[in-house]
Each structure stands twice: as structure tokens, then as C-alpha cells.
Amino acid sequence: MSPVETSVSTRGQRHSLALTVGLALVGINVLVAVLTLLWTPYDPLNASGGRLEAPSLLHWLGTDRLGRDLLTQLMIGARTALLVGTGAVAIGAAIGVSLGVLAAFATRLADDVMAATLDILIAFPTLLLAMLVVAASDSASLWTAILALGLAISAIVARLTRILAKRVLRQDYIVASRTSGTSWAGVVLRHVLPNIWPTLSVNFALQFGLAVIAEASLSYLGLGAPPPNASWGRLLQEAQGTVYTAPIGAIAPGIALVALVIGMNLLADGLRDIADPTRGRSR
Amino acid sequence: MVLFVLLRLLPGDPANALLSVGADAAQIEKAREQVGSNLPLWQQFLRFAGSLARFDLGTSFVSGKPVIEEILARLTVTVPLALMGFLLAVLVAVPLGILSAVKANRWYGGLISTVSQLGIAIPVFWVGILLVTVFAVTFRLFPSGGFPRRGWQNEGQAFYALALPVMTIGLVMGASLLRYVRSATQDVLGSDYLRTARALGASFPQALVRHGILNGAVPIVSILGIELATTLLGAVVVERVFALPGLGSMLLLAIEQRDYPNVQGVLFISTLLVLLIGFAADLTQRLIDPRLRERAVGGNA
């Protein structure tokens, strides 16, 4: 990346730092999310104090406008965010990778049509596509949001997979492998997927972060999961009205969100350096 | 085409929007005729494509006004908002991006990169909320939302109302743009032509300005196009934060009310804008870089 830094050792250290910090941020999130399955400080659905209480020893982050403990809401929000990120990326990966590999094998015409369609879909912001899918379903739920984001991600993944897979299929060893009797399915499993996986996994980590942001935006717009499910986006939306009296409600969920997304981005950076150690040193 | 398919996927008959709950079969049939949803799908599509070609976007189910009128009215909020935010982003990103690449080994070069890293992880609406908290609630410098009822007839107030939204868009977009400017500058810094220019006696700033700017600008312009399109469409969130009557809030309202002509109209106009911006970015790239022009003339772009 940077021609100014030439020392290999400092680069290596900086990047293992990125990986460590990224893993730590994401790890904390996972731990909190798992913890909420077993225990939360207060009942997430019912009031446990006065309305809009300031932070205290009893309520570390205070309470919301219905008197519910904010820390509890925030912790459950971590669970929602992880679920959305994982679900959306899983759907996006399953559809996107299959379509991309198919396109790489398809006839010229079918491939062109697919590429053009994907380009149009990608020209639309993820959020707008997700809004449409959510609007197309009768009732907004967490699963609609996940499905919507997954579909939007699948277009991006499909395009990337198509390009990467085509590059692999042009290699001589594919011809060699075919000549020695490997079926096309075997080629995909043994050569294509392992070769494109490192680049794809970096992209998945980035998409995870984007999905978390997009879900928060959907919830903020009122198109996300309906009320009993806590989501950082909706916590922020609810807190916006009471920002005069209880500013912490408008700050804490945002920090949690940014921490998770930065964690995922750092993880992606770290993964990229493991996947491709030559990157950045030469040029 | 894609639009049509997406819109037909919306469940429920659009005619329902015209009817009260207890409508009888004859009323339903009449409403379906009025909306056109009783025709076979292919006829619906032809009608749809034909009226789009004439810029006839139909009339809103809810307000009964022509869709195009409402869109034009709302564009007077969204377009200035997006353009000013875009301008601010460029003003922030280009100098800082170049600086952070040239001075990458100084503390402020690193600081700029780190802050821009933060910028791509922050949701736009949260930046908006924070700016409202600081500038509208704490210092009371700007209004926290809304737009003057008389719109641009009162220019001062209109600009005043857009100050915080523009800042929000400018900061978030600037941060992601900065990263591209930075890596484009790094490419230029590592290039042979820059070294040659230096060897021929040009000072470092001279060489960078004469040879670097245009070369670095080519990839940036296409990113700029994408970012501008995203801002226009993505303004929906910012408009919600600041309660602005723009295109995004029109779409959101139309989705909530199942007002198909409005949803369709907004999507059509935004798609058109996205395509136009992409085309403009393409042309600009060719103006900057003669190599791209020749390839296009060769017919094999």
C-alpha cells in the first residue's frame, strides 16, 4: 500500500495489531450477545426504574423513556447486530457465490446478461434495495431485514465471485486437472473455491460491517424489526427525541455500533494480509 | 424493467389504496379498472413503459396530484442538499487525502488516515444526531430540522436549514472519499513518471501538481460519480434525521402508504439520475485522460 514504509517487520507488526484489535472488538460483541441469552442486568421488556433516569450504580447507562434499563437494551442490540450481520452475509454468500460460479461457466450471452443485471443492481445503494424488499413483504420483521440485506449483498458477492472464478478458470492447471479426468464439479470444489476463498472472506467481513450499518439505518427509518426486538438503530431513533434530557441514549448505541463495524473492518484488513502477504511490499 | 418487476412484487392490489375497507365486488372492479391492475401483466408493462417514455408518472393514489409535480418540488430540497454535501466532501477529502499520503510518516498523516477509517464505520444518521446534539441543542447555532415552508423564496433561511444536513453528508462522504484520494496519491507517488520529473529537476510540489493531479484524478472521478449517486439516493436517511421534505422522505412515506405511483416515480427519477451521473463521470474521465478517448474511438472501449 504505502511506498513510504519499506520495513517489513513494522508492517507485519502493525497488521497483526489490526487483527488483534479487530478480533477483540468482535469478540467482546459475541461474548455480550451470548451472555444475553443467559442473563441480562434487568428485564429487557419491562420498566425497571423511572423514565429517562441518568446513569447511576443501579443503571449504568440510565433508563429509556419507558423506564427500561439502557444497558440491557444495548446488550440485546449486540445480539441483533450479530444475527443480522451473520445472517445477511450467509444468505449473500450462498446465493452470490453460486450465481458467480455459474456465471463464470455460462455461455457468453448468459454471462453478459448476468453481468449487466448485477451492474444495475449494484448501482443502487444497498439500503435502497433493502427498503424495497422490506416494503414488498407484508410485515416488517428481523428476518425480512436480514433477507433484504442478504439479497443486496448477494449481488456484490456474485460479481466479485464471477471475476475471481474466471481468473482461476483461465489457469493452465485447470486444463491439466480436466485432462486428468476431474469433473467440472470437482474442479470447482478442489481448485476454484479454495483459490477464491481468501479474497471472498475479506469481502464477507467488510459486507458484515455494511450489513450492520444498513440494518441500523432500516431500524432508524422504522423499516426494521418491530419493537420488542432491541436494535441499535431503533434505540438511536427513540433517543433522538429525548436528546435534551438524556444525551447518553443517543451516544452509547452509536459507539457500540461503530466499535463492531470497525472491529470487522480491522479483521478484514488483518485477513487480507494473511491471505496475501506480498500486498503492499512490492510495487 | 427491473423497476417494474420489483414493484409488481409488492403484495396486494394497488386498487386497494383507493377503496375503503368494506368495498363490494363492483367497487373493487371499478377501482381495478381505474388503476389498470385488471389488465394482463404484459399490457400493464407496456402501459408502464409507454408512459415513462413520455415522463408521465401518473397521479398519486393518496393526494391525487401528478407524481412528477411532487417530485420536482422535492428535488429542490434533495438536489441542493446532495450537491452541497458533495462539494463539502470534495473540499475536505482532496487536500487532506493528498496530505495524508504525502506525509504518511508524520503524525498528522497517520491521524488523518485513522479518522477516515472511523468515518466509514459510522452510520450517517448517527453523525446527524451528534451534530444536532452539539450545534442545535448545546450551542443553538443551527435549527435541528425542518425546512422553511416557502422554500427557496427565503434563501437565507433555506441555507440555514440545510447547514447541518450538508455538514453531515459532507463529513461522512468526505471520509470515504479521502481513502480513495489517499490511495490514488500513493499510486502517483510510487510512479516512474514522477521520479523522472524529479530527476529532470522539478521540485517535489511542482512534479506533483504538473503530473500527479490529473493522473490521480482519473480513478477518483468514477468514484465521485458513484458517491454522488449514493448521496442523492442515500439522502433518505439524512432527510429523516432533519425532517426535510426531500425525495427520500417522499419515498419513505409512499412505501408506508402503499402509494405505488409515488414509489415508482421516485425510483424512476433516481435511476435516471444515477445513469446520468454515471455517464457524466465517464465523459469527464475521457476529458481528463486522452488514452481513454482513443480506446473509445477504436470502438473497443
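The shown structure was predicted, so the numbers you read here are calculated from the model rather than taken from an experiment.

Quick notes on the rules
- Positions within a chain are numbered from 1, following the residues in the order the chain's sequence is written.
- Chains and ligands are labelled sequentially in the order written, the chains with letters from A and the ligands with numbers from 1.
- Where local features are concerned, this predicted model is filtered to residues with pLDDT of at least 70; where side-chain atom pairs are given and counted, the filter is 80 or more; whole-chain, interface and lining totals use all residues.
- Helix and strand definitions follow DSSP, with helices as H or I runs of at least four residues and strands as E runs of at least two, each counted in order from the N terminus.
- Residue burial is a threshold on neighbouring C-beta atoms within 10 Å of the residue's own C-beta, all placed from the backbone, with 20 or more meaning buried, 12 or fewer meaning exposed, and counts in between meaning partly exposed.
- Distance between backbone-placed C-beta atoms decides contact: two residues are in contact if it is within 7 Å.
- Note on geometry: axes are lines fitted to C-alpha atoms, helical ones only across the stretch in contact, with angles between N-to-C directions running from 0 to 180 degrees.
- A clockwise turn of the near helix away from the far one marks a right-handed crossing, whereas an anticlockwise turn of less than a right angle marks a left-handed crossing.
- For this classification, the nonpolar set comprises Ala, Val, Leu, Ile, Met, Phe, Trp, Tyr, Cys and Pro, the charged set comprises Asp, Glu, Lys and Arg, and every other residue, Gly included, is treated as polar.
- Residue count minus one, scaled by 1.5 Å, sets the expected span of a helix.
- Bend, in this description, refers to the angle at a residue between axes fitted to the seven residues ending there and the seven starting there.
- pLDDT: the predictor's confidence for each residue, scored from 0 to 100.
- Definition of nonpolar core: a set of buried Ala, Val, Leu, Ile, Met, Phe, Trp, Tyr and Cys residues joined via C-beta atoms within 7 Å.

Caption draft 1: Representation of the overall build of chain B. Within chain B, the secondary structure is distributed over twelve helices and zero strands. Mapped in sequence order, the helices and strands of chain B form the string α-α-α-α-α-α-α-α-α-α-α-α. Every one of the 301 residues in chain B was classed for burial, and the buried ones make up 37%. Nonlocal contacts in chain B, meaning residues at least 24 apart in sequence, comprise 67% of its contacts between residues at least 6 apart.

Caption draft 2: Region of the structure containing the overall build of chain A. Scanning chain A from terminus to terminus reveals nine helices and zero strands. Ordering the α and β elements of chain A from the N terminus gives α-α-α-α-α-α-α-α-α. Out of the 283 residues in chain A, the part that is buried amounts to 44%. Taking the contacts inside chain A whose residues are at least 6 apart along the sequence as the reference set, 68% of them involve residues at least 24 apart.

Caption draft 3: How the structure looks around the packing of helix α10 (residues 247-257) of chain B against helix α11 (residues 260-288) of chain B. Residue and element names in this part refer to chain B. Contact geometry for α10 and α11: axes closest at 8 Å, N-to-C directions at 145°. Taken as a pair, α10 and α11 cross one another with a handedness that is left-handed. Residue-level contacts link L247, M250, L251, A254 and I255 of α10 to N262, V263 and V266 of α11. Here the residues of the contact of α10 with α11 are counted per class, giving seven nonpolar, one polar and no charged.

Caption draft 4: Main features of helix α7 (residues 184-221) of chain A. Residues and elements named next belong to chain A. For α7, built from 38 residues, the straight-helix expectation of 56 Å at 1.5 Å per residue is missed by more than 12%, its first-to-last C-alpha distance being only 46 Å. Residue W197 marks the point of greatest curvature in α7, where the axis turns by about 50°; the proline P198 follows within four residues. Looking one or two places after α7, you find G222, whose phi comes out positive at around 85°.

Caption draft 5: Local environment of the environment of L81 of chain B. Residues and elements named next belong to chain B. Within the secondary structure, L81 sits in helix α4 (residues 67-102). For L81, a count of 27 C-beta atoms within 10 Å corresponds to the buried category. Taking the C-alpha atoms as reference points, L81 and G128, 47 residues apart in sequence, are found 14 Å from one another.

Caption draft 6: Quick peek at the confidence of the model for chain B. Residues and elements named next belong to chain B. Here chain B shows a mean pLDDT of 74. Residues at 70 or above account for 73%. By mean pLDDT, helix α1 (residues 2-9) is the weakest element of chain B at 52, and α4 is the strongest at 85. The low-confidence segment residues 9-13 (pLDDT under 50) makes eight contacts with residues lying over four places distant or belonging to another chain. We note a pTM of 0.78 for the whole complex and an ipTM of 0.77 for its interfaces.

Caption draft 7: Highlighting the environment of P205 of chain B. Tracing the backbone through its elements, the reader meets P205 of chain B in helix α9 (residues 204-241). Between the alpha carbons of P205 of chain B and A101 of chain B there is a distance of 13 Å; along the sequence they are 104 residues apart.

Caption draft 8: Structural context of the nonpolar core. Among the nonpolar cores identified, the biggest contains 144 residues, and A130, L149, A211 and V212 of chain A are the most heavily contacted of them. The element best represented in this core is α7 of chain A, accounting for 17 residues.

Caption draft 9: Molecular detail of the environment of E238 of chain A. All names here are of chain A. As for its placement among the helices and strands, E238 is situated in helix α8 (residues 232-240). On the basis of neighbour counts, which here come to 18 C-beta atoms within 10 Å, the residue E238 falls in the partly exposed class. When sequence neighbours within four positions are dropped, the list of residues in contact with E238 reads D64 and R65.

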